[in-house]
Amino acid sequence: MTVPYQLSGDRVPRAADVDLADPAFWRLPRPERLRAFALLRELDAPVLFTPRAGAARTAGKPFHALVRHADVRTASRTPRVFASAPGVTTPEPAGWAKALFGNSMVNMDGPEHAALRRIISRRFTPRLLADVEENVGRLAGRLVDELIAERPRDFMPSAASRLPLEVICDLMGIPKAYRARIAEQIDHASEHVGVERRGRARLRIPGRGLASLARMQFVMGRLARERRRHPEDDLVSALVSADADIDGEALSGQQLGAFFSLLLVAGVETTRNAIAHGLFLLDRHPEQRELLRSDFDRYIGGAVDEIVRHSTPIIQFRRTVIAECALGGRTFLPGEKVALIYASANRDEAVFTHPDRFDITRSPNPHLGYGGGGPHHCLGAHLARLEMTALFRELIVRRPVMRNLGDPELVDSNFDNRVGSLPFTFGPTFT
């Protein structure tokens, strides 16, 4: 771009000023990015964005940005046209990385994806989910006890991160001795996803992330071998059992490792960000917080949905066009890339009245924070709702000790709405 971004300046902003392929765009304050998405939604057709010559590999290939709710929803539900393979993130996973670590379920399509998702889904039995819900409530209470006792200044390393990690580790049956190491590897694997890298960091940081994935998969591979010999009542045992197979063949170590890595990284990172954004939103909107407190069970479902809509933890996923298709005023051809911009779709004025308003009574609320439906709708959505409900019950109703939440420190990422830190102070415990 020849003109610096001035979306918040005196000059009237134009859609032509917006370049989603420029890393500088993702360093703008979030309100300015949301304003830019609104400008793009006013256009007649999705815009093609092309990374500048010499841009970092993280910029990826040219892509059309789907910014309207209807277009994102349609593309999500039409996998025969908009495919997840070869990858939904930028850059796409390299072939050698897939060969070494296995292919993640989010990058699969068709029968392969359906078979693996079916195997995993049927392990989430009603009894398992009931046990998980009870466990989430206990964990939330214990973690808030520890929060009060330890009195940290940053919410992110404490309950926000520890609850989703502990829940998933309990669900999978990961021994407590492994968990500190797992948590460290999750941070290393996810900390630079969607973040512009410069200089030597372009080489060093991807290697660090892959090394972290390798360590996680080594731990999970060892645990899977133990559970094959001595099964227990947990998800790992269920997935390595004799009847967990695809077309009569047991899941490979790579398939198990790729799924475990996805569940750990995605399940922890997205939920802790949603929790942090939720507490901040409720702190900045005291009338909404008091409404929630007045009848928690009545309003918490709407509050969780509105938090996910308003914050949109995952900003975008990519798709590859595999069949000619007309959508949103443009004809797409095989081989082209599109970006499903959930952060824009969740503020679409055509769907949401006063989209920038935080309103826990919003109904209906057809947000796309868990994806736009279709075969890749988030498997962990129910679990995330349980975790947010349990922790907010403790922190909003039972023991509202957090006071004076500072502005969250956001990470400049084109992939997720990540919170680096959320400072706060303690107030008196209410009874």
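Residues numbered from 1 in each chain as written. Predicted model: local features only at pLDDT ≥ 70, side-chain atom pairs only at ≥ 80, totals over all residues. Heavy atoms only, no water.

Novice: So what's going on with the packing of aromatic side chains? Residues and values would help.
Specialist: This model, assessed by the stated rule, comprises nine aromatic pairs. Chaining the aromatic ring pairs together yields one cluster made of Phe25, Trp26 and Phe37. It is Arg151 that lies over the ring of Phe426; its NZ or CZ is 4.4 Å from the centre. Looking at Arg309, its charged tip hangs above the ring of Phe352, at a distance of 5.2 Å from the centre. (Phe/Tyr/Trp six-rings, centres within 6.5 Å; stacked < 30°, edge-to-face > 60°. Lys NZ or Arg CZ within 6 Å of the ring centre and 35° of its normal.)

Novice: For the packing of helix α5 (residues 126–150) against helix α14 (residues 381–398), give the residues involved together with the corresponding values.
Specialist: Look at α5 against α14: their axes get within 9 Å of each other, and the N-to-C directions meet at 35°. For the crossing formed where α5 meets α14, the hand is right-handed. Contacts between α5 and α14 pair Leu129, Val132, Glu133, Val136, Gly137, Ala140, Gly141, Val144 and Leu147 from the former with His382, Leu383, Leu386, Glu387, Ala390, Leu391, Glu394 and Leu395 from the latter. Split by residue class, the contact of α5 with α14 holds eleven nonpolar, three polar and three charged. (Axes fitted to C-alpha atoms, helices over the stretch in contact; angles between N-to-C directions. Helix = DSSP H or I, 4+ residues; strand = E, 2+ residues; numbered from the N terminus. Left-handed = near helix turned anticlockwise from the far one by under 90°. Contact = heavy atoms within 4.5 Å. Nonpolar A, V, L, I, M, F, W, Y, C, P; charged D, E, K, R; others polar.)

Novice: How would you summarise the nonpolar core if you had to cite specific residues and measurements?
Specialist: In terms of nonpolar packing, the biggest core is built from 79 residues, with Phe155 and Met172 touching the most fellow members. The element contributing the most residues to this core is helix α10 (residues 253–284), with 14 residues. Aside from chain neighbours lying at most four places away, what touches Met172 is Met220, Asp234, Leu235, Val236, Phe260, Leu263 and Leu264. Judged by nonpolar contacts, the second largest core, of 20 residues, contains Leu20, Ala21, Leu34 and Leu40. (Core = buried A, V, L, I, M, F, W, Y, C linked by side-chain atoms within 4.5 Å. Buried < 20%, exposed > 50% of the residue type's maximum accessible area, 1.4 Å probe, protein only.)

Novice: So what's going on with the pattern of salt bridges? Residues and values would help.
Specialist: Within this structure, the stated rule accounts for 27 salt bridges. Ionic pairing is found between Lys337 and Glu92, a salt bridge with its closest N-O pair at 2.5 Å. Note that Lys337 is positioned in strand β9 (residues 337–341) and Glu92 in the loop between β3 (82–83) and α3 (95–101), a separation of 245 residues in sequence. Judged by relative accessible area, Lys337 falls into the buried class, the value being 11%. (Salt bridge = Lys/Arg side-chain N within 4 Å of Asp/Glu carboxyl O.)

Novice: A description of the layout of surface pockets should follow, citing residues and the corresponding values.
Specialist: The gaps left among the atoms become clear once a water-sized probe is rolled over them. Space inside the second largest pocket adds up to approximately 360 Å³. If you trace the second largest pocket, you find 20 residues lining it, with Arg30, Pro31, Leu34, His310 and Arg347 closest to the centre. Elements with a contribution of two residues or more to the lining of the second largest pocket: α1 (30–41), α10 and α12 (296–311). Sorting elements by how many residues they give to the lining of the second largest pocket places α1 first, with six residues. Each residue belonging to the lining of the second largest pocket can be placed in one class, and the counts come to eight nonpolar, four polar and eight charged. (1 Å grid on protein atoms, 1.4 Å probe; cavity = no way out; pocket = protein on both sides within 12 Å on 5 of 7 lines; lining within 4 Å. Points joined across faces, edges and corners; volume = space filled by probe spheres on them.)

Novice: Talk me through the packing of helix α11 (residues 286–294) against α12; I want residue IDs and the actual numbers.
Specialist: Packing of α11 against α12 brings their axes to within 6 Å, and their N-to-C directions diverge by 130°. Put simply, α11 runs oblique to α12. For the pair formed by α11 and α12, the contact residues are Leu291, Leu292, Arg293 and Ser294 on the first element and Phe296, Tyr299, Ile300 and Ala303 on the second. Split into classes, the residues belonging to the contact of α11 with α12 amount to six nonpolar, one polar and one charged. (Parallel < 35°, antiparallel > 145°, perpendicular 65-115°, else oblique.)

Novice: Please give an account of the sheet that holds strand β6 (residues 316–321) that cites residues and values.
Specialist: One open sheet accounts for five strands, arranged β1-β2-β9-β6-β3; its pairing is mixed. Edge positions in the sheet fall to β1 (47–49) and β3, since each has one partner strand and no second. The sheet contact formed by β1 and strand β2 (residues 63–66) spans three bridges and is antiparallel. When the sheet's bridge partners are listed, Leu48 is paired in β2 with His64. (Pairing = 2+ DSSP bridges.)

Novice: Describe in detail empty space enclosed by the protein, supporting the description with residues and values.
Specialist: Enumeration over the complete set of coordinates arrives at three cavities of 30 Å³ or more. By volume, the second largest cavity is sized at about 60 Å³. Considered class by class, the residues forming the lining of the second largest cavity number five nonpolar, three polar and two charged.

Novice: Could you give me a rundown of the environment of Pro366, with the residues and numbers involved?
Specialist: In this structure, Pro366 sits in the loop between α13 (342–345) and α14. Separated by 297 residues in the primary sequence, Pro366 and His69 have C-alpha atoms spaced 9.4 Å apart. If we skip the residues at most four places from it in the chain, Pro366 touches His69, Val351 and Phe352.

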